[in-house]
Amino acid sequence: MDMSDQKRMGEDYASRDEVLAIQERKLQQLGQRLQGSAAWQKHFGAAGISAADLTGRTALSKFPTLEKADLRAMYPYPMLTVELEKVMRFTATSGTTGLPVLFGFTARDWRETVVKQLHRIFRTVGIVPGDKIYQGYGYGLWVGGSSMDEAIQSYGAVNFPIGPGRSDLMPGWIRDHAYDATTMSPLWLMTLITHAHKLGIDPRKDWKLRVGLFGGQSVSTTFRNEMEAMMPEGFKAHNIYGTTEAGGPILGISCEHSHAADEMHLINDDSVLTEILDPQTLEPVGPGEVGELVITTLDKEASPVVRWRTRDLVRLSKDPYGCPCGRHGFPLVGRIIGRSDDMMKVRGVMVFPSQIEDVIAGLPGTVKEAWQVYVDSREGSMDQIEVAFERTPDASMPSAQMEEELRQQLRARLGLTCAVKCYGEGLLPRYEAKATRVIKRQQP
Ligand SMILES: [Zn+2]
């Protein structure tokens, strides 16, 4: 370990006061930088404020939030803030809910900032240089795979940039290449485990995987526990969280202690400042309360964001700065409860897909990665929810009994009566990346 390694380790264990002081200083610098940007000055000006007023955290709370519509209105290069020639590469949002939005990275953004942020995540989950990593995130404009490549390689780990897919090949490769760690969607790993069993490979004995960084969607604790039980002894499925707007999968990661409680550290809060705000009032929420993550990039040169509304809802931990791991500068939050976009209002009741997932995952004999919610709206009548799930062939309960059980549990949990339909294994859609769990159907 050389001096710079020690310094980086030290930063991981910065006190909350030290992190707040860094935020204060970087916010001032950001304010100075944005004074030179016509687009940002226009955005702030519409709220009667100027970039020059951005002097620290207290000042930040008076700044307007930034939404997708703001960025779309500035097509094709919203809030770029550097000359186009200075951009090393672009990434884009997935565009699942409309036109993709492009975000630029300067060489420094890409090779220093993102890499530094991801290296801290690697250290938090115990990935070490020399580890063999199966990189399973997608490539192209999506930030996931390519940012991981950059970080894995510069960390001194061995990169296998496979991307998503190849379910017939991968169970054997995981065994023969003896990967130590992987980055992918948790649903994809579940699919690979199922394929492995079909190929006569037992992941518990034949694979060496020690750690997984699972992003793209969050899964219930039950799902995760079941998945871990089918993996080699000691395997940890860590939740990782990030967004394109933040500059990569760099916002949240669970540590060795918070993993069990299903909580993540906002691990780069000294580089991407996170506020957790009530989605209606935009006031900060207290420990134990649910709020929306709102982010401000402090180090990004191209396409920075100030108070970007992620629409992701999390619960701030009851004890955000008390994790036994010692990373007290970086608050703990629970897994993503849902997106305010995904929130369904059915007959006046607020429903999150994650609540439905919890109920399905809690019933023995269900296939954890395959389920769908259909919302049927009919002109002149109330919305109906239909929940579709799969039954494993060896489930002890018959289909009709499982349907009835889920119907009762969903009513207890959501306060709603749902139609519940059981399917055989493999009949519902599978998703390699972000799952589309809620499908709206217009009835005649
Ligand atoms: Zn911790």
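Residues numbered from 1 in each chain as written. Predicted model: local features only at pLDDT ≥ 70, side-chain atom pairs only at ≥ 80, totals over all residues. Heavy atoms only, no water.

1. Comments concerning the sheet that holds strand β20 (residues 438-443)
One open sheet holds the 4 strands; their spatial order is β19-β18-β17-β20, and the pairing between them is mixed. Every other strand in the sheet has two partners, leaving β19 (419-424) and β20 as the edge strands with one partner each. Put simply, the sheet's adjacent strands are angled 25 degrees from each other on average, direction ignored. As judged from the 6 bridges shared by strand β18 (residues 384-391) and β19, these two strands associate in the parallel manner. (Pairing = 2+ DSSP bridges. Helix = DSSP H or I, 4+ residues; strand = E, 2+ residues; numbered from the N terminus. Axes fitted to C-alpha atoms, helices over the stretch in contact; angles between N-to-C directions.)

2. Looking at the coordination of the zinc ion
Summarising the metal site, the zinc ion is bound by the protein donors C255 (SG), H265 (NE2), C323 (SG) and C325 (SG), whose distances to it range over 2.0 to 2.3 Å. The class of H265 is buried, set by a relative accessible area of 0%. Judged by relative accessible area, which is 3%, C323 ranks as buried. (Donors = N, O, S within 2.8 Å, 3.2 Å for Na, K, Ca; no water. Buried < 20%, exposed > 50% of the residue type's maximum accessible area, 1.4 Å probe, protein only.)

3. Examining the pairing of strand β5 (residues 181-184)
Residues A181 and T183 line one face of β5 and the alternating positions T182 and M184 line the opposite face, and both faces are buried. Where strand β3 (residues 132-135) meets β5, 3 bridges bridge the pair, whose relative direction is parallel. For I133, the partnering residue across the bridge sits in β5 and is A181. Where β5 meets strand β6 (residues 211-214), 4 bridges bridge the pair, whose relative direction is parallel. The partner of T183 across the bridge, within β6, is L213.

4. Focus: the domain arrangement of the chain
When the parts come together, some accessible area is lost, and that loss is often what is quoted as the size of the interface. Entries for the chain in the domain assignment read domain 1 (1-339) and domain 2 (344-443). In this complex, domain 1 contributes 21 residues to the contact, which on the side of domain 2 involves 15 residues. Taking both sides of the interface into account, the surface hidden between domain 1 and domain 2 amounts to around 1500 Å²; carbon and sulfur atoms contribute 55%. The largest per-residue losses of area from domain 1 upon contact with domain 2 belong to L187, F223 and I337, which jointly make up 25% of the total buried on that side. Along the contact surface separating domain 1 from domain 2 lie 3 salt bridges. Between domain 1 and domain 2 we count 2 residue pairs in polar contact (both at pLDDT 80 or more) in total. (Domains from an automatic or database assignment. Contact = heavy atoms within 4.5 Å. Buried area = accessible area lost by both parts, 1.4 Å probe. Salt bridge = Lys/Arg side-chain N within 4 Å of Asp/Glu carboxyl O. Polar contact = N/O pair within 3.5 Å; in protein donor to acceptor, adjacent residues only side chain to side chain.)

5. Quick notes on the packing of aromatic side chains
Applying the stated criterion across every chain yields a total of 9 aromatic pairs. Ring centres of Y134 and Y179 lie 5.4 Å apart, and the angle between their planes is 45 degrees; on these two criteria the pair is classed as tilted. You can see Y134 sitting in strand β3 and its partner Y179 sitting in the loop between α8 (170-177) and β5, a full 45 residues away along the chain. The two residues Y134 and Y179 agree in class, both being buried. (Phe/Tyr/Trp six-rings, centres within 6.5 Å; stacked < 30°, edge-to-face > 60°.)

6. So, unusual backbone geometry
Following Y75, the chain continues into P76 via a peptide bond in cis, with omega recorded as 5 degrees. As for its placement among the helices and strands, P76 is situated in the loop between α5 (68-72) and β1 (87-92). Backbone geometry places T81, a non-glycine residue, at a positive phi of 65 degrees. Of note, T81 is situated in the loop between α5 and β1.

7. Considerations on the pattern of salt bridges
When the charged atoms of two side chains with opposite charge come close together, those side chains can pair. This structure, assessed with the given rule, holds 29 salt bridges. R16 is the salt-bridge partner of D269, the closest N and O atoms lying 2.9 Å from each other. On the criterion of sequence distance, the pair formed by D269 in the loop between β9 (263-266) and β10 (272-277) and R16 in helix α2 (residues 16-34) is long-range, its members being 253 residues apart. Residue classification places D269 among the buried residues on the basis of a relative accessible area of 1%. Owing to a relative accessible area of 15%, R16 belongs among the buried residues under this scheme. Ionic pairing is found between K26 and D299, a salt bridge with its closest N-O pair at 3.0 Å. Taken as a pair, K26 in helix α2 and D299 in the loop between β11 (290-297) and β12 (308-315) lie far apart in primary sequence, 273 residues in all. Note on D299: relative accessible area 16%, which makes it buried. Put simply, R224, D262, R335, E357, D358 and R413 are held in one network by salt bridges that share partners.

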